[in-house]
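# Observations on the three-dimensional arrangement
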Amino acid sequence: MLKLLGIKSSRGTRLTVNLIILSSIWWYFFNLELGKAYEFTISAVPYWFLITFGCYALIKIGLGLSTLRDCVEESASLDKEIKEAKAFLSQKGLKTTN
Amino acid sequence: MSSNTVGSGIASLGALIFFYYSTWIFIIPFIDSSHWLHAYFLDKIWAVRIPQILLVLGLGMISSLLLIATVCSKKQKTS
């Protein structure tokens, strides 16, 4: 994506500006009339962007899932803390569901 | 079914779809019809129709879910 031009702009403005610039580049090539094979590819580029975005999301999620570490001791200490907090609060008079 | 294997499976699926679709759009139209690669790909017009169908289905499902949600909340408000 285009870097900040040094002008302070919100995410939304930058997104719309990027979209307008990319669409105008695509529109220019779309009207260039190069030949039958190029015509198909250029007209299919927006769909390619969509699929690429979907694949990028899939890859990001998959990599994040695969590098997730199981923290056993932290989970055990968290359970212990939850038990202590429940005991303390029920002693003070808070009713819990279990 | 640990989360590690599921995660790498999802990531490789994403990579596979990306490379297959990119070849479909950017390489197949420019290769001779007698090349062996054409055997692995459908007719290139489907490379456009499949995303169109997916978009229509996806947007339709999302908008119908939104409609159902708003209608249900309105019914709860009035009744």
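Residues numbered from 1 in each chain as written. Chains lettered and ligands numbered in written order. Predicted model: local features only at pLDDT ≥ 70, side-chain atom pairs only at ≥ 80, totals over all residues. Heavy atoms only, no water.

### Regarding the interface of chain A and chain B
Filter applied, for reference: The contact criterion used throughout is that any non-hydrogen atoms of two residues lie within 4.5 Å. Buried area adds together the accessible area that both of two parts lose upon being put together, with accessible area traced by a 1.4 Å probe. What counts as a salt bridge is simple: a side-chain nitrogen of Lys or Arg found within 4 Å of a carboxyl oxygen of Asp or Glu. N or O atoms within 3.5 Å of each other form a polar contact, as long as, within protein, one can give a hydrogen and the other can take it, and as long as residues adjacent in sequence are counted only when both atoms are side-chain atoms. Throughout this entry, Asp, Glu, Lys and Arg are counted as charged residues, while Ala, Val, Leu, Ile, Met, Phe, Trp, Tyr, Cys and Pro are counted as nonpolar. The remaining residues, Gly among them, count as polar.
On the side of chain B, 24 residues touch chain A, which itself brings 20 residues to the contact. For the chain A and chain B pair, buried surface summed over both sides reaches about 2,000 Å², with 83% attributable to carbon and sulfur atoms. When the buried area of chain A at its contact with chain B is split by residue, Phe-40, Tyr-47 and Trp-48 of chain A rank highest and sum to 32% of it. For the pair chain A and chain B, the number of links is zero salt bridges. Inspection of the chain A/chain B interface yields three residue pairs in polar contact (both at pLDDT 80 or more). Looking at the side of chain A that touches chain B residue by residue, the classes come out as 15 nonpolar, five polar and no charged.

### Things to note about the packing of aromatic side chains
The relative placement of two aromatic rings is captured by the distance of their centres and the angle of their planes. Rules: Centres within 6.5 Å make a pair out of two Phe, Tyr or Trp rings, where for Trp the six-membered ring is used; the pair is then stacked when the planes are under 30 degrees apart, edge-to-face when over 60, and tilted otherwise. Strands are runs of DSSP state E lasting at least 2 residues, helices are runs of H or I lasting at least 4, and numbering of each runs from the N terminus. Residue exposure (1.4 Å probe, protein chains only): buried if accessible area is under 20% of the type maximum, exposed if over 50%, otherwise partly exposed.
Summed over the entire model, instances satisfying the criterion amount to 14 aromatic pairs over all chains. Residues Trp-26 of chain A and Trp-27 of chain A carry aromatic rings whose centres are separated by 6.4 Å and whose planes lie at 45° to one another, so their mutual orientation is tilted. On the numbers, 6.3 Å between centres and 45° between planes, the contact of Trp-48 of chain A with Phe-18 of chain B is tilted. Linking Trp-48 of chain A in helix H2 (residues 36-66) with Phe-18 of chain B in helix H1 (residues 3-26), this pair reaches from one chain into another. Overall, the relative accessible area of 17% leaves Trp-48 of chain A in the buried class.

### Observations regarding the UniProt feature "transmembrane region" (unreviewed entry) in chain A
To keep things clear, this is the line we draw: UniProt positions are given in the numbering used here, feature names are shortened, and annotations may be inferred rather than shown by experiment.
Under the UniProt annotation, "transmembrane region" (unreviewed entry) lies at residues 12-29 and 41-59 of chain A. Split by type, residues 12-29 of chain A is 100% helix and 0% strand. Its first and last C-alpha atoms lie 26 Å apart.

### Looking at the packing of H2 of chain A against H1 of chain B
Filter applied, for reference: What counts as an axis is a line fitted to C-alpha atoms, over the stretch in contact for a helix, and the angles between N-to-C directions run from 0 to 180 degrees. The cut-offs work like this: below 35 degrees is roughly parallel, past 145 is roughly antiparallel, 65 to 115 is roughly perpendicular, and the gaps in between are oblique. A clockwise turn of the near helix away from the far one marks a right-handed crossing, whereas an anticlockwise turn of less than a right angle marks a left-handed crossing.
Running from amino to carboxyl end, H2 of chain A crosses H1 of chain B at an angle of 165°, the nearest separation of the two axes being 7 Å. When the interaxial angle is binned, H2 of chain A and H1 of chain B end up roughly antiparallel. By crossing handedness, the relation of H2 of chain A to H1 of chain B is classed as left-handed. When grouped by side-chain class, the residues that make up the contact of H2 of chain A with H1 of chain B number 19 nonpolar, ten polar and no charged.

### Brief notes about the domain arrangement of chain B
All names here are of chain B. Counted only if it meets this: Just so you know, the domain bounds were taken from an automatic or database domain assignment.
Along its sequence, chain B is organised into domain 1 (1-41) and domain 2 (43-79). Taking the mean C-alpha position of each, domain 1 and domain 2 sit 27 Å from one another. Taken together, the contact pairs five residues of domain 1 with six residues of domain 2. Together domain 1 and domain 2 conceal approximately 420 Å² of surface at their shared face, both sides included; 73% is due to carbon and sulfur atoms. Of all residues in domain 1, Tyr-21, Trp-24 and Pro-29 give up the largest surface area on contact with domain 2, accounting jointly for 78% of the area buried on that side. The interface formed by domain 1 and domain 2 contains zero salt bridges.

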